[in-house]
Structures are given as C-alpha cells and as structure tokens.
Amino acid sequence: MTGAAGGLGLGLAAGLSDRGARVVIADIDTEALGEAESQLRAAGAEVLAVPTDVTKSDSVAALADRAFERFGRVDVVCLNAGVSVRGRSWELTVEDWRWVYDVNVFGVVHGVRSFVPRLLEQGAGHVLITASNSSVTTLPSVAAYISSKHAVLSLAETLRQDLLAAGSQVGVSAVLPGAIRSRMADAFRRRPAEYGAYRVDPEVVDRSKAFLAQHGMDPRVMADGILQQALDDHVFCIFTDSGDSAMLEARTEALSAGRLASVDMLVNKEVK
Ligand SMILES: NC(=O)c1ccc[n+]([C@@H]2O[C@H](COP(=O)([O-])OP(=O)(O)OC[C@H]3O[C@@H](n4cnc5c(N)ncnc54)[C@H](O)[C@@H]3O)[C@@H](O)[C@H]2O)c1
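Residues numbered from 1 in each chain as written. Predicted model: local features only at pLDDT ≥ 70, side-chain atom pairs only at ≥ 80, totals over all residues. Heavy atoms only, no water.

The protein has the name SDR family NAD(P)-dependent oxidoreductase in an unreviewed UniProt entry, where Nocardia flavorosea is given as its organism. UniProt, in the comment section headed Sequence similarities (unreviewed entry), describes the protein in these words: "Belongs to the short-chain dehydrogenases/reductases (SDR) family." (UniProt positions renumbered as here; feature names shortened; annotations may be inferred.)

Q: I tried to follow empty space enclosed by the protein on my own but got confused; where do I start?
A: Overall, the coordinates contain 1 cavity of 30 Å³ or more when judged by the stated rule. Space inside the largest cavity adds up to approximately 40 Å³. Looking at the lining of the largest cavity, the element that brings in the most residues is helix 4 (residues 94-122), giving 3 residues. The class makeup of the residues in the lining of the largest cavity is 5 nonpolar, 3 polar and no charged. (1 Å grid on protein atoms, 1.4 Å probe; cavity = no way out; pocket = protein on both sides within 12 Å on 5 of 7 lines; lining within 4 Å. Points joined across faces, edges and corners; volume = space filled by probe spheres on them. Helix = DSSP H or I, 4+ residues; strand = E, 2+ residues; numbered from the N terminus. Nonpolar A, V, L, I, M, F, W, Y, C, P; charged D, E, K, R; others polar.)

Q: Just to check I follow, could you spell out the sheet that holds strand 6 (residues 237-239) for this structure?
A: Within a sheet, each strand pairs with its neighbour through backbone hydrogen bonds, oriented either parallel or antiparallel. The strand order across the open sheet formed by 4 strands is 3-4-5-6, and the pairing between neighbours is parallel. The open sheet is flanked by strand 3 (76-79) and strand 6, the only strands paired with a single partner. Taking the axes of each pair of neighbouring strands and ignoring which way they run, one obtains an average angle of 20° across the sheet. With 5 bridges joining them, strand 4 (residues 126-130) and strand 5 (residues 171-176) adopt parallel strand pairing. Pairing of Thr-130 across the sheet is with Val-175, part of strand 5. The strands touched by helix 5 (residues 143-165) within the sheet are strand 4 and strand 5, with strand 5 carrying the most contacts at an inclination of about 165°. (Pairing = 2+ DSSP bridges. Axes fitted to C-alpha atoms, helices over the stretch in contact; angles between N-to-C directions. Contact = heavy atoms within 4.5 Å.)

Q: Help me out: how do you make sense of the nonpolar core in this one?
A: Soluble globular proteins: nonpolar side chains tend toward being buried together. Trp-99, Phe-115, Val-127, Ile-129 and Leu-159 are the most contacted members of the largest nonpolar core, which totals 44 residues. Every element with two or more residues in this core is listed here: strand 1 (23-27), strand 2 (47-51), helix 3 (57-71), strand 3, helix 4, strand 4, helix 5 and strand 5. Take this core: its biggest share by element is 9 residues, from helix 4. Grouped together as the second largest cluster of nonpolar side chains are 28 residues, Val-23, Ala-36, Ala-230 and Ile-238 included. (Core = buried A, V, L, I, M, F, W, Y, C linked by side-chain atoms within 4.5 Å. Buried < 20%, exposed > 50% of the residue type's maximum accessible area, 1.4 Å probe, protein only.)

Q: I keep staring at the environment of Ala-26 and nothing clicks. Help me out?
A: You can see Ala-26 is positioned in strand 1. Relative accessible area serves as the criterion here: at 1%, Ala-26 is assigned to the buried category. Filtering out sequence-adjacent residues up to four positions away, Ala-26 remains in contact with Met-1, Thr-2, Gly-3, Ala-4, Leu-33, Val-50, Thr-52 and Leu-63.

Q: Would you mind going over unusual backbone geometry with me for this structure?
A: The bulk of non-glycine residues show a negative phi, and the bulk of peptide bonds are trans. In the Ramachandran plot, Ser-141 falls in the positive-phi region, its phi being about 75° despite a non-glycine side chain. As for its position among the elements, Ser-141 is in the loop between strand 4 and helix 5.

Q: What is the right way to read the pairing of strand 4 from this model?
A: The side chains of a regular strand alternate between both faces of the sheet. Burial within strand 4 is extensive, with 5 of its 5 residues counted as buried. Two strands pair when backbone bridges link them, and strand 3 and strand 4 are joined in this way by 4 bridges, in the parallel orientation. When the sheet's bridge partners are listed, Val-77 is paired in strand 4 with Val-127. The β-α-β motif built from strand 3, the intervening helix 4 and the parallel element strand 4 has right-handed crossover chirality. The handedness of the strand 4 to strand 5 crossover, carried by helix 5, is right-handed. (Right-handed = clockwise from strand over helix to strand, strands pointing away.)

So this is what it looks like as structure tokens:
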C-alpha cells in the first residue's frame, strides 16, 4: 500500500486488515507512517511499515522485497500515493510537473514493474490503482495533476489488457475517487528538496483544506466501498461519487462533437 500514512491509503490498509489481511504500509512521510503503523496495530492489525519514495524505482523494488520476504506472498497491491500542485499550465515550473508526474505516474510504473512479475509467478493477485474522478474530466489550474491522473487511468487499462492478453488471472481495478477528507491540500509539505521550492498561496491551500473537510468523504468509509467493488464484485473502474461517470459522458460527447468540454457542471466541484 503506497501513500498509506494517511487519507485513503490508511483507510484501505485498515479495511484490508479488517478483512483478515496482513498489511504492508509505505509512505515517504516517515513520521506519519509511524503514527499510522501504531494506529493500525492498536486496532489489531499485523502490519509492516516500510519508508518508501515511490518516485525511485529502487525504493519501490526494496518495498516489494520486504513484503515478499516478510509474508511470502502479496495478494493485493495498492498503488495509491499521489500529490497535486495548483497553478496555470504555463506558470507551473518544470519541477512542479516533474514532481507530480514522478509521484503520480512513475510511482505507479515502478509499482507495476516491481510487483506484477511476482503476482504473475504466484498466478493470482489484484492491483488497485488510485486514479481520480479527474481522470475523466478536465479543469483549469490543475493541469499537471489532471493530466497525470488521465495517464494513471490509461496505465491501469493497459495493464489489465496486457494481463488478459497474457492469459493471467491477476486482476486490476482503477479507483476514481471524488473528494476525500484527507491532507492532500497540503501535499507540498512532503515535497522533496530536489523538486525545488513551491510558491504556496496560503489562501488557496486554506480553501482547498476547508473544501475537503466539508465535502470530502470519510476515507475509511470510502475504502470499504472500494474494496468491496474491487475484490468482491471485480469492478474494473470504480467511481466513489454517484454522478461522476456523467462527467465522462459529458466530456466524450463534447469532444466527439469537436467542442471543449464545458466546466460549467463542475464549477462547484473542487478537484484535488
Ligand atoms: N483528496 C482528494 O480529494 C482526492 C480525490 C481524488 C483522488 N485522490 C487520490 O487519492 C490518493 C490518496 O490521496 P489522499 O486524498 O488520501 O491524500 P493524502 O495526502 O492523505 O495521501 C497521499 C499520501 O501519499 C504520500 N506520498 C507523497 N509523495 C510520496 C512519495 N514520493 N512516495 C511515497 N508516498 C508519497 C503522502 O505522504 C501521503 O501520505 C492520491 O493518489 C490522490 O491523488 C484524492
């Protein structure tokens, strides 16, 4: 489970533990990871915490090694870590784009490369990839995040197609959450120095935090619904908010007609 120190990742870890799984939690935020480990253990989970930077292929490979060494097999791989930056497309720095793509896209790529060959050897397993409801729409001021999440959804689709073509039983689900009550609005706090400084607008951050606190779904509740759909009902594309699939239809209809999809229906919907 990557990005497991809080938010949806921690919710998924707790949900899997309640289903009887032993869980491996991974995150770049070592302090929050330690707190998550204690919280899960106090609730009765068997848990291994592995500090991990998903932007680094060797760090994710080491995570896979630790998980297989400790538990012998891995049944569910959750590639969930994600970050966002705000700003107009032309104002985001190269480092802003790189950070978002390194975490959101390459984090998934490294996870697929490190875990899927071993799931194929096992002959079973499920890969749960956290995309976003913004994987099927577009909005201004979040170009790096939204375009990265479009890439994440298509990565999940092509992974599933590759596995089916290889005759594998390994499953894949793409999760397209709506707003989550999480700390995503201040993701910049965990931005490594190699990506340079981020010009934070405290007002925008406060607005985003307030939006998630007020409208975000409880991550644990969301996680239970996701796990049921992915593991029990074998749903490939999991929306968490009813009505989000309408955004996909609206965009497809607009693009098919040669128009830019209108954001009118989304003006009150903040995308993280
Ligand atoms: N918050 C929302 O409203 C929302 C909506 C749609 C999709 N999502 C997606 O859900 C996922 C979980 O987000 P969340 O809302 O729980 O936010 P969150 O900030 O609570 O969780 C993201 C976690 O990823 C970790 N992380 C960041 N960089 C990392 C790295 N390099 N290596 C390892 N871990 C790293 C963070 O430390 C954090 O614990 C993300 O992929 C996000 O894009 C969130």
